[in-house]
Amino acid sequence: MSSVSSQPQFRLTQPPSKVLHLRNLPWECTEEELVELGKPFGKVVNTKCNVGPNRNQAFIEFSDLNQAIAMISYYASSSEPAQVRGKTVYLQYSNRQEIVNNKTTADVGGNVLLVTIEGADARLVSIDVLHLVFSAFGFVHKITTFEKTAGFQALVQFSDAETASSAKNALDGRNIPSYLLPEHLGPCTLRITYSAHTDLSVKFQSHRSRDYTNANLPVAPSAIDANGMFSVGLDGKKLEPESNVLLASIENMQYAVTLDVLHMVFSSFGPVQKIAMFDKNGGLQALIQYPDVQTAVVAKEALEGHCIYDGGFCKLHLSYSRHSDLSIKVNNDRSRDYTIPNTVMMNPQPSILGQQPVATHGPPAHTYPGAQHHQMMPQPSAGWATGGPPVPHSMPAQMNNNPYLPPGTMPPQMGHGMMQMPNHGGLPHAPAMPPYRPGHMQ
DNA sequence: AGCACA
């Protein structure tokens, strides 16, 4: 007869095991922290954290029993308790001999996410909006969308499982920010699981599938109009032909909207090549030219119906212009060609017009007052390199203020084509983009 | 602070 209790959980002494059971861990303790803790005593071959109702228990498994014994012995006699993040951790031999990581296929992620968009207007969510949302976490390779009994779904392919996982963690269960949606749409919730796919097959660029890695992929015949543009939306509804030039009408213009303000707002989505402002029907309109249609599409999706200034002032209405290349005769306070080098812009000299466009990566000649202090100007970035394929890197500015991720956890892919977003504050009437914060997504 | 799933 042993003197210890026969109930395994509450025995005072556990038989040794190379698996240790830890408790009183800080909430959501990471595997790395467990490894750090065990490393001095041997080789940690496996861990399992966030165990128990409070997720504050864990297991670590050493390669050898003696290592586990060493750790237990050390802390049994140490004056300093084992600690993680300053919190005392209690450890003992586990009553099991090995860690079984019950990772189901649903937990072990692949690089492709299965996204179900819920909501009455789910199927009105464009592939461009999805691209925008998921690009916050890294380069999106491909997206396909389809209707299933589950509703409107999309497969979103990232480079790797880590990126996909960060997107899933941040977005699952959240709503697409309303300001990314056409304003008449109701809330659209994202439900995300891992797909078993690793590489999607996208035959055509179309309204239901895109391959952002292949700018040369043919556009689906069904989605082309006479101008070679996308002209069909979901449900086969005719769309306005897309264009690299946007026509902006500004409603409720209580504050002056200057060329520089427009440049700043639209630069968030890519290099703005040219802007022309003019009065029409007593209101202000502007044409904004991007180098490619894709960027214009993203900008239109993101900005349509939103106000430049808080309080409903200077509301933007965007449509695609029939123009593809604006003719800017003179740089003044109503029109500007940003592709002409700064020095020329300051002192126009027709003889230099043959030069390469360079201004798209630098600040414009007239920066918005104080702009430099707010990092609101486009940063140079590989994604916008001239001459490259125009499609893949059109990522919006919000991404740098990525709300889904805690600071400092930006995936490395974020470097592509990223731009700083103007922050609130600081400037009188600084353009106020809707903040991309989780709190606003519910 | 006390042993994991599905």
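Before reading on, note that the structure itself is shown above.
Residues numbered from 1 in each chain as written. Chains lettered and ligands numbered in written order. Predicted model: local features only at pLDDT ≥ 70, side-chain atom pairs only at ≥ 80, totals over all residues. Heavy atoms only, no water.

Student: Would you mind showing me how to read the sheet that holds strand 14 (residues 283-289) here?
Tutor: Note: strands within a sheet are paired through backbone hydrogen bonds, in either parallel or antiparallel orientation. Across the sheet, which stays open at both edges, the six strands sit in the order 15-16-12-14-13-17 with antiparallel pairing between neighbours. In the strand order of this sheet, the two ends are held by strand 15 (307-309) and strand 17 (335-337), each with one partner. Each strand of the sheet is rotated relative to its neighbour by a mean of 25 degrees, with strand direction disregarded. When strand 15 meets strand 16 (residues 313-320), the two strands line up antiparallel, connected through two bridges. Within the sheet, the bridge partner assigned to Y309 lies in strand 16 and is F313. Packing of helix 6 (residues 293-303) onto the sheet brings it into contact with strand 12 (245-251) and strand 16, and relative to strand 16 it is tilted by some 140 degrees. (Pairing = 2+ DSSP bridges. Helix = DSSP H or I, 4+ residues; strand = E, 2+ residues; numbered from the N terminus. Axes fitted to C-alpha atoms, helices over the stretch in contact; angles between N-to-C directions. Contact = heavy atoms within 4.5 Å.)

Student: Can you walk me through the protein's contact with DNA strand B in this structure?
Tutor: In the neighbourhood of DNA strand B, 19 residues make up the surrounding shell, with R23, N24, Q92, Y93 and S94 lying closest. Sugar plus phosphate, as a fraction of atoms of DNA strand B within 4 Å of the protein: 42%. Here a phosphate oxygen of DNA strand B and a side-chain polar atom of R96 are 3.2 Å apart. Residue E98 places a main-chain N or O atom 3.1 Å away from a base nitrogen belonging to DNA strand B. Elements represented by at least two residues in the surface near DNA strand B include exactly strand 1 (19-23), strand 2 (44-51), strand 3 (57-62) and strand 6 (90-93). Residues that form the surface near DNA strand B fall into these classes: six nonpolar, nine polar and four charged. (Near = heavy atom within 4 Å. Polar contact = N/O pair within 3.5 Å; in protein donor to acceptor, adjacent residues only side chain to side chain. Nonpolar A, V, L, I, M, F, W, Y, C, P; charged D, E, K, R; others polar.)

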